[in-house]
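The primary structure of each chain is shown beneath.
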Amino acid sequence: QVQLVESGGGLVQAGGSLRLSCAASGRTFSTYAMGWFRQAPGKEREFVATISRIGPVTLYADSVKGRFTISRDNAKNTVYLQMNSLKPEDTAVYYCAASERGATAILPSSYDYWGQGTQVTVSS
């Protein structure tokens, strides 16, 4: 079992940056693949980025490629999402997730644990 707590969300103007953090409990963080998803009002949860436990290998949604960077610090049990050049369409609740499979995954069903989410609002 792992518990995930996101932080770093907030209100930012278009073109600005935010860095989200997701702190995980437990001593097995390094064995999980980690992912970031987001959900805007009235929309389904969508994949943003994922990072594998080994390598690491990263994957991004086309909508954020080149603007967002996912990284992990296994010593701190934390995964990050650096978001640059933010757009109003990036506004959503952002969720951190952990997958016991260890490999990158883009489907929410591939993840076993979820955080409570952090709100990101980008004003135009």
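This section reports on the structure supplied with the text. Sequence order sets the numbering: in each chain, residues are counted from 1 along the sequence as written. Local features in a predicted model are, by the rule used here, given only for residues with pLDDT of at least 70; side-chain atom pairs are given and counted only at 80 or more, and totals for whole chains, interfaces and linings are based on all residues. Note that water and hydrogens are dropped before the side-chain values are worked out from all heavy atoms of the structure.

## Remarks on the overall build of the protein chain
Formally: Comment: elements are numbered from the N terminus, with helices defined as DSSP H or I runs of at least four residues and strands as E runs of at least two. To get the radius of gyration, use the C-alpha atoms; to get the globule rule, take the number of residues to the power 0.38 and multiply by 2.2 Å. All accessibility values rest on the Shrake-Rupley procedure with a 1.4 Å probe; residue burial counts only the protein chains present in the view. Lys and Arg are tallied as positive, Asp and Glu as negative. Neither His nor the chain termini are counted. In plain terms, the charge of a residue is placed at NZ if it is Lys, CZ if Arg, CG if Asp and CD if Glu.
The number of helices and strands found in the protein chain is 0 helices and 11 strands. By the compact-globule yardstick of 14 Å for 124 residues, the protein chain fits well, its C-alpha radius of gyration being 13 Å. When the accessible surface of the protein chain is summed, it comes to about 6200 Å², and 49% of that surface belongs to carbon and sulfur atoms. For the protein chain, the centre of its 12 positive side-chain charges and the centre of its 9 negative side-chain charges are spaced 5 Å apart.

## A closer look at the pairing of strand β3 (residues 18-24)
This is how the line gets drawn: Summary of the burial criterion: residues with accessible area below 20% of their type's maximum are buried, those above 50% are exposed, and those between are partly exposed, where the area comes from a 1.4 Å probe applied to protein chains only. When DSSP finds two or more bridges between two strands, those strands count as paired.
Where burial is concerned, most of β3 is hidden: 5 out of the 7 residues are buried. With 4 bridges connecting them, strand β1 (residues 4-7) and β3 associate as antiparallel partners. Paired with Glu6 across the two strands is Cys22, which belongs to β3. Note: β3 against strand β8 (residues 78-83), 6 bridges, orientation antiparallel. Residue pairing in the sheet places Leu20 in a bridge with Leu81 of β8.

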